[in-house]
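As a plain string of letters, each chain reads:
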Amino acid sequence: MGTAVLVLLAAVLAAVPGASARAQDEAVLPDTAYSQSGADTCLACHDQPALAGIFRTAHARPGDPRGPFGHGGLQCEACHGPGGAHVQAKGRRLGGIVDFGVKANAPPARQNAMCLGCHAAGAARDWAAGAHAGSDIGCVQCHQMHAVEDPVRTPLLQVMVCTGCHQAQRADLDKPSRHPLREGKMSCTSCHSPHGSTAHAQLTGNSVSETCTGCHAEFRGPFLWEHQPVMEDCSVCHDAHGSVQPALLKTRTPFLCQQCHEGAGHPSVASTPQNPNGGQGSAYVLGANCLNCHSQIHGSNHPAGRALMR
Amino acid sequence: MTTNLEMQLPRRSGGALRATLAVLALVAGSAGRAADAAPAPDTSGWTCSQCPFFEGLAAQGELGLTDAKGANASFGRYTGEDRSGATLAADAHGQARNAAGNYLSFDLQRLGLPARDATLTGGHEGRFELSVRYDGQPDRVADSAVTPFSGASGGLHLPANWVSGATTGAMGTLGSSLVPVAIGTERRTLALDAHYFAGPGWTVFGTLSHQEKLGNLATSASFLTQAVQLAQPLDTVTDTLEAGVRWAGRRASVRLSYTGSWFENSDTALRFDNPYSPIVPGSLQGQLGLAPSNTLQQLAASGQVQLPWRATTLNAAASLGTLRQDAAFVPVSTLPGSATPSPGSLDGDVRLSHYALGLGSSPLPRLSVRATARFDGRDDRTAPLAVNTIVTDTFAGGTVVAPRYGQNRMHLEGGADYALLPWVRAGVGGTFQDVHYAPGQVLDHTHEVESWGRVTITPRADLSLGLKLGNGLRKISGFNAAALPSAENSQVRAFNTAPRDRDFVTLTGAWTASETLALTLESMLANDDYRNSPLGLQSEHERSTSAALTWTPSATLSANIDAAYQSQHSLQNGYSGSASPAWLLADRERYWNLGAGGRWTYARWIVALDYRYAPSSSNSDTSQGGPNESFPQNTTRLETAELGLSYRCSPAVQWHFRVAHESYRSSDWALQGVEPASVPNLLALGIQPLHDSVNLLGVSVRYQIGAGVPK
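What you see is a predicted model, and the numbers here were worked out from it, not measured in a lab.

1. Topic: the overall build of chain B
Along the backbone of chain B there are two helices and 36 strands. Reported as C-alpha extents along the three principal axes, the dimensions of chain B are approximately 95 × 65 × 55 Å. Relative to its 711 residues, chain B shows a buried fraction of 46%. For chain B, the computed accessible surface area is about 32,200 Å², with 60% contributed by carbon and sulfur atoms. A distance of 7 Å separates the average location of the 53 positive side-chain charges in chain B from that of its 60 negative side-chain charges.

Here you go:
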C-alpha cells in the first residue's frame, strides 16, 4: 500500500512540469497551502470505495456551482481544509487537513466550522442558537457525508441516529401510544430542527401548538367555545414522544382532567360506589369517562357547546 | 376583552418588528463585506479527472410476499397491515444522472400496504429541483367496535325497530341491532416541492400539498346524564402552500416566506338519533358540532449573520399570522323551533405573532455563550358572542358569553460553557418565562425562572460524563375565581398555571471501551411540587434511566443491547362536595424497554436478529377519609422478535427471508368488559383493550440494476 501511495504521489508530482525539481528547493509548505490538483491529488491515495459514495450525493455535482465539486469549488479541500502540507508530508501529518469524527484531532467546533462555511447561511442558519451547538455536538456525529444515502436523511434511520443519544426517546418509540416514527411515517425532524431554532425545544413551528396543528389542523380553531389549554399549549395534556396512556395523554383520564377540574356534580371519585370495584359501573369512570359527555375537548363550534358536550 | 392586551400588542409587535428589520439590514450590509474577504486558491487546474462522478442508472427493486397470521388493527395501526393473509412486499429506489447534469431519483416504499409512499425527484444541477411525493398514513384504532347506528356524514340513524329505554338494558332491540364498525382513519398526502436556484445565493422555493383524511373517529355525546358513543364519519381536506425566497451569502442569509393552510371539513355537524327515552318531549335527536373549516396565513422572515469577531452569530426571526374561522353555526338544538344564533357564524379572528433573536458567540477561546429571546403572542380578536344555549338538546342553559383566550409569552434563555481544563467543561444557564393572559381569564400572569449548572468531564477521548442540575420556580398572579365556570370549585388550580417548584438532575455518559465496544447511559430525575395549590395536582416525580451497549468486533459482525426504565408518580387531591371529605389519588406509571439485536455477514449470507420487550403498568390508588382503594392495575406488554436472512446469489440478485412474531397484550379497567349495554347510562361502542399475536413470514427478491444503491 505504502509503495502504491508513493508511486501515485510521484505520478501526481510528475504531472506538474518541473515539480519534482522544484520540490528539492521548496521549504515546508504552510498549513494554509492547498494541494496542486485538488481532488485528483487526494484520490491518488484515498481510493477506498467507501469514500467514493460522496460522488453520488448532492455534495459532488459538477454542474452545481453551490457545491464543493462545482466549477471553481475546492473539492475535497472545501470540507477538509487545505491539503498542501499534508500532501507534501506524504500523509504523515495532517497539516491543514481537518479530520472528522468523535476521535478526530480536530475538535467538534473546528469540524463544524468547515460545514458551517457553506451551511451556516442555509440549512444550519440557526445552529449557533441551538442546543446541539451548546453541547459541542459535531455535524458528523449525525451525518455521514461519504455515504450514498446519509442515514439521517431517511426517516426510519434518522430516528435511530437521534435516539442514539436521546435514549429516553428511543424507549418511547415502543410505548402503546405514540406517533408513527417506528414505521418511518414521521421522523424527528417532522417536529424538531436539529440544526437549531429560535423556537421552544428547537421546534419547526413557532410554538408547540403551531407545530402540532401543522398536521392536526382540525384543532386549530378558533372555536366558538374553546378549551384554554388547547389554545395555549398541546403539551399541557399530551406527551408527543409517547405515553403508556391512550392518545398520548400525560396521565389517564379522568385523573388528568381532575388535575385542573374539580368535578362538581360529577361523582367520578374512585372510592364511590360507581367505581369499577363497587358493583355497577359508571359512565363517569368507564369507557371514555369524562369524554363520554365532553367529547369536543379540543373546542366546539356548536352554539350549545359551552361545556364541550356538543 | 378589549384592553390592555390589545393595546399593548401593537406597541410590542412594532418594537420587535423594527428590531427584526434592523437585524435584517445588518445582515444584508455585512454580507457583502464578508464575501469579499474570503481568499481562494487558483483552481483552474483542478480538473477532477479521477473523480468517479455518477452517470447512468442505478436502481434496486424488491418484490415478494408477506404472510401475516393473526394481524388486526392493533398490529397494523400505522401500516394498514391489519388482516391475516398475504400482502405484496414491493419497494424500489434508484437514481439516474447524465453528463449534462440532469438527474432523477425515486423511492417507492411499502407499495403493497396502505402505508405506501413514493417520492420522485428530478432536476438540473445548480438550476432547479422538483419533487413529487405521495404519502399514505393509516391509523387503525380499533376493530372491536360495534354500534346500532348506521349512516354516514348525513347523520347516524337507529334501526326502524329500535326500542328506546331509560337505560341501555331497557333498549330491547340493542343486541340484535349491533353491527361492527372500524374505527380508524386514512391520511393521504400529495405534495409538490420546487426549488429554483435563481443565482448566486438565491433560491426560490415552493411547496404545495393536498391532504385528505377519511374514516371513522370514536366520539361520544350525551343527553343530560345519558351518554352514547358514536363512530363519527370523517372527511376533511387540508391544502397547504408555502412559497418564498431565500438568499444565502458566505456569512449571512435571509429567508422570506408565505404560508397558507386551508382546512376544509365536509361535515360541520353530526346529527344522531337519541337511543334513550327522551328526557324531555321531542328530544329525539342530538347534534354535535364538528371541527369547523379554518384558514391560517402567515408571513415569516428570518435572517442570520456571522459577525466578524469572536465567532459570533446573530439570528432573528419574525412571523405574523392570522387564523380565521367563519363556518355557519348549526341551530342551538335539534328541539323543534330551535333557532340559529345571530350572527350566524363566529367570524373568528386570531392574530399570531412570533419574534425571536438568537446569539451564539465565543468571547474567549475557552468560553462559549448562547442566548435567545422570544416572544409569542396569540391575540384573539374575535368579538365575544352571547349565546342562548340549550344543554345537550335537552334543557335551557341560559345566555352565556363565550370567553376568548389569548396570551403573550416572553421567553429569555441563555447559557455559557467554559473549558476549565482541556477535559473539564462547566456551564451555567437559565430561562425566564413570563406569560400574560388576556383579560377575563383566571390568571393575569405567571412568571417562571429556571436555572441550571452542568459539568462535562472528558478524562479520555473515549470517555465522557455529564451532570446537570437545575431548579425552576413558577409564581402566579392573584387568582380570579370569578372567571371560573359557575360549577367549578374556586379552590382548584389548573396544573399548567399553578405555582410550581421543580428540581431536576440529568446524568449522561458515553464510553468507547475499545474499537469494538461502546456504552452509553442517560438518566433523569425530576420532582415537581405543587403543594401551594389547595386542590388539584400536588406533586409529580419522574425518573428515567437508559443504557445501550454496542459491540462491533468486525465489519461483518455487530450486536447491541439496550434497556430503559421510566416511572412517573403523582399525587393529587379533589373535592366531591361539602358533605364528603377531600379525596386523594396516588397514581404511578412504570415502563420498561429491553432490546437486543445482532447482524452477521458471512460469505453471501446476512443474518439479522432483533428482539424487544416493552411492558408497562399503571396503578391508581384512592382514599377518601378511609382506607385506600385501588383501581385494577392497567398493563401493556409488547414483545417482538424478528429473524432476517439474506442470500446474495449474484451481484444483482439477493433473496430475503423474514420470520417475525409480535405479541401485544393490554388491560384497561375503563374498557375491559364494557360492552354496549354494560353501563346503564352509556351506550358504548364496546371497544376492548388492544391485543394481538401475529406471526409473519416473508420472502422477497431484490434485483439491482447498475452500480449498487446501498441503503
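There's more to say after this.
2. Points about helix H9 (residues 155-163) of chain A
Among all positions in H9(A), only A:Gln158, A:Val159 and A:Thr163 are buried. Seen end-on, H9(A) carries its buried residues on one side only, within an arc spanning 120°.

3. Observations regarding the interface of chain B and chain A
The interface is formed by 179 residues belonging to chain B together with 119 residues belonging to chain A. Buried area between chain B and chain A, summed over both chains or domains, comes out near 11,900 Å², and the portion from carbon and sulfur atoms is 53%. Sorting the residues of chain B by area buried against chain A places B:Trp46, B:Tyr78 and B:Phe495 first, and these three jointly supply 6% of that buried surface. The interface formed by chain B and chain A contains eleven salt bridges. With a closest N to O distance of 2.7 Å, B:Asp135 and A:Lys185 form a salt bridge. Joining chain B to chain A, the criterion identifies 61 residue pairs in polar contact (both at pLDDT 80 or more). Sort the elements by how many residues they give to the side of chain B that touches chain A and strand S18 (residues 348-364) of chain B lands first, with nine residues.

4. Let's talk about the environment of B:Ala170
All names here are of chain B. Mapped onto the fold, Ala170 is located in the loop between strand S8 (155-157) and helix H2 (174-177). Owing to a relative accessible area of 39%, Ala170 belongs among the partly exposed residues under this scheme. Residues Ala170 and Pro680, 510 residues apart in the sequence, show an inter-C-alpha distance of 8.7 Å. Contacts of Ala170, omitting those with residues within four sequence positions, involve Val163, Ser164 and Gly165.

5. Section: the pairing of strand S12 (residues 226-248) of chain B
Residues and elements named next belong to chain B. Strand direction decides the pairing type here: strand S11 (residues 202-223) and S12, joined by 22 bridges, are antiparallel. Of the residues in S12, the one forming a bridge with Ser209 is Thr240. A loop of two residues connects S11 with S12, the two strands running antiparallel in sequence, and Leu224 in this loop sits at a positive phi of about 55°. Of the strand pairs in this sheet, S12 and strand S35 (residues 682-683) are connected by two bridges, and their pairing is parallel. From the neighbouring strand, Ala227 faces S35, where its bridge partner is Leu682. Once S12 ends, the chain turns through three residues before running back antiparallel as strand S13 (residues 252-265).

6. Here we look at the state of the cysteines
All chains considered together, the criterion is met by one disulfide over all chains. Covalent S-S linkage joins B:Cys48 and B:Cys51, the inter-sulfur distance amounting to 1.8 Å. In this structure, the disulfide formed by B:Cys48 and B:Cys51 twists by about -75° around the S-S bond and is classed as left-handed. Both residues of the pair, B:Cys48 and B:Cys51, count as buried. Here A:Cys237 stays unpaired: no disulfide links it, and the sulfur of A:Cys260, its closest cysteine neighbor, is 6.7 Å away. For A:Cys237, a relative accessible area of 22% translates into the label partly exposed. Not part of a disulfide, A:Cys293 finds its nearest cysteine sulfur in A:Cys290, a span of 9.1 Å.

7. Things to note about the pairing of strand S30 (residues 583-602) of chain B
Residues and elements named next belong to chain B. Two elements, strand S29 (residues 557-574) and S30, share 18 bridges in a ladder whose sense is antiparallel. Paired with Ala564 across the two strands is Asn593, which belongs to S30. Pairing geometry for S30 and strand S31 (residues 605-623), over 17 bridges, is antiparallel. Within S31, the position partnered with Ala596 by the bridge is Tyr611. Joining the antiparallel neighbours S30 and S31 is a turn of two residues, in which Ala603 adopts a positive phi near 50°.

8. Some words on the side chain of B:Thr236
Within the fold, B:Thr236 resides in strand S12. Those residues within four positions of B:Thr236 in sequence are excluded, and the remaining contacts are B:Gln211, B:Glu212, B:Lys213, B:Phe263, B:Glu264 and B:Asn265.

9. Thoughts on the confidence of the model for chain B
Residue and element names in this part refer to chain B. Taken residue by residue, chain B gives an average pLDDT of 90. The fraction at 70 or more is 93%. No element of chain B has a lower mean pLDDT than helix H1 (residues 4-36), which averages 39, and none a higher one than strand S6 (residues 146-147), which averages 98. The low-confidence segment residues 1-38 (pLDDT under 50) makes 44 contacts with residues lying over four places distant or belonging to another chain. As scored by the predictor, the complex reaches a pTM of 0.90 and an ipTM of 0.91.

10. Points about the side chain of B:Glu662
Within the secondary structure layout, B:Glu662 lies in strand S34 (residues 653-667). In this structure B:Glu662 is buried but unpaired, with A:Arg182 as the nearest side chain of opposite charge at 4.3 Å. For B:Glu662, the residues in contact, after removing those within four places along its chain, are A:Arg182, B:Phe75, B:Leu638, B:Glu639, B:Thr640, B:Asp692, B:Ser693 and B:Val694.

11. Quick look at the packing of aromatic side chains
Applying the stated criterion across every chain yields a total of twelve aromatic pairs over all chains. Between A:Phe69 and B:Phe53 the ring centres are 6.0 Å apart and the planes differ by 80°, which places this aromatic pair in the edge-to-face class. Separated into two different chains, A:Phe69 in the loop between helix H4 (49-52) and helix H5 (76-80) and B:Phe53 in the loop between H1 and strand S1 (56-69) make up a pair that spans both. Between B:Phe223 and B:Phe272, the ring centres sit 5.7 Å apart and the planes meet at 65°, which makes this aromatic pair edge-to-face. With a gap of 49 residues between them, B:Phe223 in strand S11 and B:Phe272 in strand S14 (residues 269-273) connect regions that are remote in the sequence. Each member of the aromatic cluster is reached from another via a ring pair, and the members are A:Phe55, A:Phe69 and B:Phe53. The aromatic ring of B:Tyr103 is capped on one face by A:Arg61, whose charged end is 3.9 Å from the ring centroid.

12. Quick word on the pattern of salt bridges
Per the stated rule, a full pass over the model turns up 37 salt bridges over all chains. Between B:Arg702 and B:Glu62 there is a salt bridge; the shortest N-O distance is 3.0 Å. One end of the pair, B:Arg702, is in strand S36 (residues 692-705); the other, B:Glu62, is in strand S1, and 640 residues separate them in sequence. Judged by relative accessible area, B:Arg702 falls into the partly exposed class, the value being 22%. A relative accessible area of 18% means that B:Glu62 is categorised as buried. Sharing partners across several salt bridges, the network here consists of A:Arg170, A:Asp174, A:Arg182, B:Asp562 and B:Arg612.

13. Here we look at the confidence of the model for chain A
With 86% of its residues at a pLDDT of 70 or more, chain A has an overall mean of 85. Counting contacts from residues 1-25 of chain A, a segment whose pLDDT is below 50, to residues more than four positions away or on other chains yields 14 contacts.

14. Things to note about the environment of B:Pro632
Residue and element names in this part refer to chain B. For Pro632, the location among the structural elements is in the loop between strand S32 (629-630) and strand S33 (634-648). For Pro632, a relative accessible area of 35% corresponds to the partly exposed category. Pro632 sits 14 residues away from Ser618 along the chain, and the two C-alpha atoms are 8.9 Å apart.

15. Let's talk about unusual backbone geometry
Peptide bonds are mostly trans, and most non-glycine residues show a negative phi. Residues and elements named next belong to chain A. In the segment running from Gly221 into Pro222, the intervening peptide bond is cis, with an omega of -5°. Each neighbour pair has its own omega, and for Thr253 with Pro254 the value is 10°, a cis peptide bond. Examined against the element boundaries, Pro254 turns out to sit in the loop between helix H12 (228-232) and helix H13 (255-258). Although it is not a glycine, Gln202 adopts a positive phi angle of roughly 55°. Along the chain, the position of Gln202 falls in the loop between helix H10 (167-172) and helix H11 (208-212). When its relative accessible area of 12% is taken as the criterion, Gln202 is described as buried.

Rules and cut-offs
- Residues numbered from 1 in each chain as written.
- Chains lettered and ligands numbered in written order.
- Predicted model: local features only at pLDDT ≥ 70, side-chain atom pairs only at ≥ 80, totals over all residues.
- Heavy atoms only, no water.
- Helix = DSSP H or I, 4+ residues; strand = E, 2+ residues; numbered from the N terminus.
- Buried < 20%, exposed > 50% of the residue type's maximum accessible area, 1.4 Å probe, protein only.
- Areas by Shrake-Rupley, 256 points an atom, 1.4 Å probe, with all protein chains shown as cover.
- Lys, Arg positive; Asp, Glu negative; His and termini not counted.
- Charge placed at Lys NZ, Arg CZ, Asp CG, Glu CD.
- Arc of directions from axis to C-beta.
- Contact = heavy atoms within 4.5 Å.
- Buried area = accessible area lost by both parts, 1.4 Å probe.
- Salt bridge = Lys/Arg side-chain N within 4 Å of Asp/Glu carboxyl O.
- Polar contact = N/O pair within 3.5 Å; in protein donor to acceptor, adjacent residues only side chain to side chain.
- Pairing = 2+ DSSP bridges.
- Disulfide = S-S within 2.5 Å.
- pLDDT = per-residue confidence, 0-100.
- Phe/Tyr/Trp six-rings, centres within 6.5 Å; stacked < 30°, edge-to-face > 60°.
- Lys NZ or Arg CZ within 6 Å of the ring centre and 35° of its normal.

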